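# A look at the structure
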Amino acid sequence: MQKWGMVIDLDRCAGCQTCTVACRTENNVPFCGDGNAWKGRAIFWNKVITVRIESHGSQREGEPSASPGTNNHAGPRLRFLPMPCMHCERPPCVLVCPVRATTKSVDGIVMQVPSRCIGCRLCQASCPYSRRYFNWQEVDYPGTLKEAVNPDVSIRTLGVIEKCTLCVHRLQKAREQARDENREIREDEYVPACVEACPAKARTFGDLNNPDHAVAKLARSPRAFRLLEELGTFPQVSYLHESTWKSESRKSVGAEDEEEIDG
Amino acid sequence: MMRRKILWVCWCGIIGAMGVPCRGAGTAQPIPFNHKIHTVDNEFPCDTCHRYVFEKPFAGLPPTDLCIQCHEDDITTNPAAAPHIQTIRRHAKEGTEIPWVRLYVLPKTVYYSHRRHAKIAGLECSVCHGDIGRSETPPARPIARTLDMDHCIKCHVERKAEYDCSRCHR
């Protein structure tokens, strides 16, 4: 059985937000309007978080650059952290759902069934990555936007939780095609919209259990790390980084950034 | 006594108002299509008219072009069908589609594929659609509620098919 997972190379990510836009259009993620955005109710299945690193390398403020052309500048550096749902192997949200509206599928996708959700928001409270969003208002697509709605994805109603499903509607189609032709799903046949759209090719997607897939090798590389690993959620989305910025960001990231990651 | 009479009239009105649109929904086909003549007497398989049943998620309703291929000539001997044949020809002449009413509508949170069930799993149409293929008139009552999730799960358990949420919900 497959275990779908993603690897995001943070050294490649330029923070262009293409994944965010692709995800919004693919999954009919609703607009929340001005008022709700101010209250922090904007919905982003995939969000690119900016991490501010105060000093980089050994460079101190005011000192001239050691060698011209290198990246060692004195000011704070920004790093980008794209955050889809982590699709944990032991998801806290699934444990707390009282109506089993969210389940761990057999191939590793943390599913949300919006028609079953009662909107109690326990899962939202339990998610350590804050990857779940509540629909605070009925979705409205004004004018021609209605024609841009993706018919493959249901439109969530008022009062239900929604989250990244790794574009499960694409998996359903790919599985069907593969079954019809009596073969396994190919690596490039099923990729979520964010992976497909990334212009820097920072994201890799595939089956973590299949050693032929690139994602399985990347997830085991020494560069790989997972967010909040110490919680024991075993995320299936891993990150790659080359430099020491992870440890640096741990040291230098202020309380506000940590808060944003932790929710 | 008077008050009771008024209440009684109101009650009948409410029941009547509820009943009328429900009954209309099932019988409001533009043509009272006779499945039996086509599938039993003439032995057409279902995918003659529901053309995408083995290829696509949806089975498809017959377009006017398909009807007119046979009904351009006077092949029907039944005089009761004559006005309906005229309706088909009128639609063909005007280049419009016959406004068939879909009887089976699933919720939008469900991905149901005819190809997966009819072709890959090889199920008979009657497993879900019952005897509609041998009916002589459109059903008198709406049949939208006959297919719910219990129906799906029961069959999936019986046939040992997967019933993971991610397979159908989206």
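Please refer to the structure placed before this passage.
Residues numbered from 1 in each chain as written. Chains lettered and ligands numbered in written order. Predicted model: local features only at pLDDT ≥ 70, side-chain atom pairs only at ≥ 80, totals over all residues. Heavy atoms only, no water.

### Section: the overall build of chain B
- Across its full length, chain B holds eight helices and zero strands.
- Its helices and strands taken in sequence order, chain B reads α-α-α-α-α-α-α-α from the N to the C terminus.
- Burial analysis of chain B (170 residues in total) assigns 27% to the buried set.
- In chain B, of all internal contacts separated by at least 6 residues, the share reaching a separation of at least 24 is 68%. (Helix = DSSP H or I, 4+ residues; strand = E, 2+ residues; numbered from the N terminus. Buried < 20%, exposed > 50% of the residue type's maximum accessible area, 1.4 Å probe, protein only. Contact = heavy atoms within 4.5 Å.)

### Describing the sheet that holds strand 8 (residues 203-207) of chain A
Residues and elements named next belong to chain A.
- Read from one edge to the other, the open sheet built from four strands follows the order 8-1-10-9, with strand pairing classed as mixed. The sheet is open, and its two edges are formed by strand 8 and strand 9 (224-225), each paired on a single side.
- Where strand 1 (residues 4-9) meets strand 10 (residues 237-240), four bridges bridge the pair, whose relative direction is parallel. Along strand 10, the bridge assignment pairs Ile 8 with Tyr 239. (Pairing = 2+ DSSP bridges.)

### Let's talk about the packing of aromatic side chains
- Inspection of the entire model under this criterion finds seven aromatic pairs over all chains.
- With a centroid separation of 5.9 Å and 5° between ring planes, the pair formed by Trp4(A) and Phe205(A) is classed as stacked. You can see Trp4(A) sitting in strand 1 and its partner Phe205(A) sitting in strand 8, a full 201 residues away along the chain. Pair check on accessibility: Trp4(A) and Phe205(A) agree, each one buried.
- Summarising the aromatic geometry, the rings of Tyr52(B) and Phe58(B) are spaced 5.8 Å apart at their centres and angled 70° between planes, so their arrangement reads as edge-to-face.
- By the ring-pair criterion, three or more aromatic residues cluster together here, those being Trp4(A), Tyr190(A) and Phe205(A).
- Lying over the aromatic face of Phe44(A), Arg24(A) brings its terminal NZ or CZ to 5.1 Å of the ring centre.
- Directly above the ring of Tyr52(B) sits Lys56(B), whose terminal nitrogen or CZ lies 4.7 Å from the centroid. (Phe/Tyr/Trp six-rings, centres within 6.5 Å; stacked < 30°, edge-to-face > 60°. Lys NZ or Arg CZ within 6 Å of the ring centre and 35° of its normal.)

### With respect to helix 4 (residues 82-94) of chain B
Residue and element names in this part refer to chain B.
- Spanning 13 residues, helix 4 covers 18 Å between terminal C-alpha atoms, matching the ideal 18 Å at 1.5 Å per step.
- Taken together, the buried positions of helix 4 are occupied by Ile 85, Thr 87, Ile 88 and His 91. An end-on view of helix 4 places all buried positions within 150° of arc, on one side of the element. The outward face of helix 4, more than 90 degrees from its buried face, is lined by the exposed residues Lys 93 and Glu 94.
- Packed against the buried residues of helix 4 are helix 3 (64-71).
- At the C-terminal side of helix 4, Gly 95 shows a positive phi close to 75°. (Expected span 1.5 Å × (residues − 1). Arc of directions from axis to C-beta.)

### A short note on empty space enclosed by the protein
- In this structure the tally under the stated criterion is five cavities of 30 Å³ or more.
- Counted as a void, the largest cavity has a volume near 90 Å³.
- Forming the walls of the largest cavity are 13 residues, and the residues nearest its centre are Trp45(A), Gln112(A), Arg156(A), Thr165(A) and Arg170(B).
- Of all the secondary-structure elements, those providing two or more residues to the lining of the largest cavity are strand 7 (161-163) and helix 5 (168-180) of chain A.
- Considering each element in turn, the lining of the largest cavity owes the most residues, three residues, to strand 7 of chain A. (1 Å grid on protein atoms, 1.4 Å probe; cavity = no way out; pocket = protein on both sides within 12 Å on 5 of 7 lines; lining within 4 Å. Points joined across faces, edges and corners; volume = space filled by probe spheres on them.)

### A closer look at unusual backbone geometry
Residue and element names in this part refer to chain A.
- Although it is not a glycine, Gln 17 sits at a positive phi angle of roughly 70°.
- Residue placement: Gln 17 occurs in the loop between strand 1 and helix 1 (18-26).
- Phi at Cys 167 is positive, roughly 50°, even though this residue is not glycine.
- Position of Cys 167 relative to the elements: it lies in the loop between strand 7 and helix 5.
- We classify Cys 167 as buried; its relative accessible area is 6%.

### Remarks on the pattern of salt bridges
All names here are of chain A.
- Scanning the entire structure with this criterion turns up 24 salt bridges over all chains.
- Glu 181 is the partner of Arg 183 in a salt bridge, and the nearest nitrogen-oxygen pair spans 2.9 Å.
- Because the salt bridges share partners, they merge into one network encompassing Asp 9, Asp 11, Arg 12, Arg 79 and Arg 223. (Salt bridge = Lys/Arg side-chain N within 4 Å of Asp/Glu carboxyl O.)

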